[in-house]
Amino acid sequence: GEEMKHAATLLILICIGTSLVFSSSTLELKTDCASAISLFGETIPLRIEAQLELSDEFGLMLPVEMTAEKGRDQPIYLETGLFLAYRPFSKEATIYASLIQMGILFERRYGEQRTFFLNEVGFGHTFRFPFGLLIEPRITIKDPNSIFKNDYQELKDAFSSYPMIRFALYGGWSFTLPSAIH
C-alpha cells in the first residue's frame, strides 16, 4: 500500500523532471465533458487529466477520477494512475494503457474503505484548434484482460452505474512548457 504510493510518486516525478530538464515539452490538461450528462443519473463520474508529451510517439498521462453516488452516506470512489499515451500511427490517434492504476472506495455508510489496483486501455482521436484548444473523443475499456473481475464487480455493486466500456468527450488545452536548458 504505502510503498506503492511512494514508488508511483517517485516514478511520476522522475519522468516529469527528466522531460522538463532536457527538452521543452507540451502539457495537455483535459476533462471529460460528456460526464455532464451523468448529472441526470444516480452516479456521477468526474475525470481530469494532465498529459505530458515526451516525444511525437509517447507521452505520460496522469488522470484523477471521482465517482460518486448521489445521496447522503453514499459511496465515493477516487482513482488515479500513470498511463502511457502511445501514438504509433499519427499525432492525433492515441492508445492509452495504464502502467499503474489504483483507487480507493469510501463506503461512507459503513465507515469502511477499500483499495483497488486496476487497469484499463483507451483509444482516442484528438482534434486540435487555435490557441491550444483540443477535443478528444475516446473509448475506454476497463479490465480488458479480465484480470481484476472481482475488484470491478465490487465497484459495479457499489454504484447504480459503473460501465466497463465508457465513451467520453474530452475537452482541454495544450501548451508548451519552457525548457530548462537553452
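Heads up: these notes are all about the structure in this document. What you see is a predicted model; the values in this text were computed from it and never measured.

### Observations concerning the packing of aromatic side chains
Then step 1. By the definition in use, this model includes 6 aromatic pairs.
Then step 2. Residues phenylalanine 58 and tyrosine 86 carry aromatic rings whose centres are separated by 5.1 Å and whose planes lie at 25 degrees to one another, so their mutual orientation is stacked. A residue pair is termed long-range when its members are at least 10 positions apart, and phenylalanine 58 in strand β3 (residues 58-69) and tyrosine 86 in strand β4 (residues 76-86) qualify at 28 residues.
Then step 3. Between tyrosine 77 and phenylalanine 116, the aromatic rings sit 6.1 Å apart at their centres with planes inclined by 75 degrees, giving edge-to-face as the arrangement.

### Regarding the nonpolar core
Then step 1. If you look at the biggest cluster of nonpolar residues, it comprises 9 residues: Tyr77, Leu105, Phe116, Leu118, Tyr152, Leu155, Ala158, Phe159 and Tyr162.
Then step 2. When residues in this core are grouped by element, the largest group, 3 residues, is from helix α2 (residues 149-158).
Then step 3. Leave out the neighbours within four places in its chain, and alanine 158 touches Pro75, Leu105 and Glu107.

### Points about the side chain of threonine 67
Then step 1. As for its position among the elements, threonine 67 is in strand β3.
Then step 2. On the basis of relative accessible area, threonine 67 is assigned to the buried category, the value being 4%.
Then step 3. Apart from residues no more than four positions distant in its own chain, threonine 67 is found in contact with Thr43, Ile44, Pro45, Pro75, Ile76, Tyr77, Phe159 and Tyr162.

### Quick notes on the pattern of salt bridges
Then step 1. Using the criterion set out here, one finds 14 salt bridges in the structure.
Then step 2. The partner of arginine 166 in a salt bridge is aspartate 32, with the nearest N and O atoms 2.7 Å apart. In this pair, arginine 166 sits in strand β10 (residues 165-177) while aspartate 32 sits in strand β1 (residues 25-32), placing the two residues 134 residues apart along the sequence. For the pair arginine 166 and aspartate 32, one class covers both residues: buried.
Then step 3. Residues arginine 114 and glutamate 154 are paired through a salt bridge, measuring 2.3 Å at the closest nitrogen-oxygen approach. One end of the pair, arginine 114, is in strand β6 (residues 112-117); the other, glutamate 154, is in helix α2, with 40 residues separating them in the sequence.

Reading the values: the criteria
Residues numbered from 1 in each chain as written. Predicted model: local features only at pLDDT ≥ 70, side-chain atom pairs only at ≥ 80, totals over all residues. Heavy atoms only, no water. Phe/Tyr/Trp six-rings, centres within 6.5 Å; stacked < 30°, edge-to-face > 60°. Helix = DSSP H or I, 4+ residues; strand = E, 2+ residues; numbered from the N terminus. Core = buried A, V, L, I, M, F, W, Y, C linked by side-chain atoms within 4.5 Å. Buried < 20%, exposed > 50% of the residue type's maximum accessible area, 1.4 Å probe, protein only. Contact = heavy atoms within 4.5 Å. Salt bridge = Lys/Arg side-chain N within 4 Å of Asp/Glu carboxyl O.

Just geometry here; none of it tells us what the structure is for.
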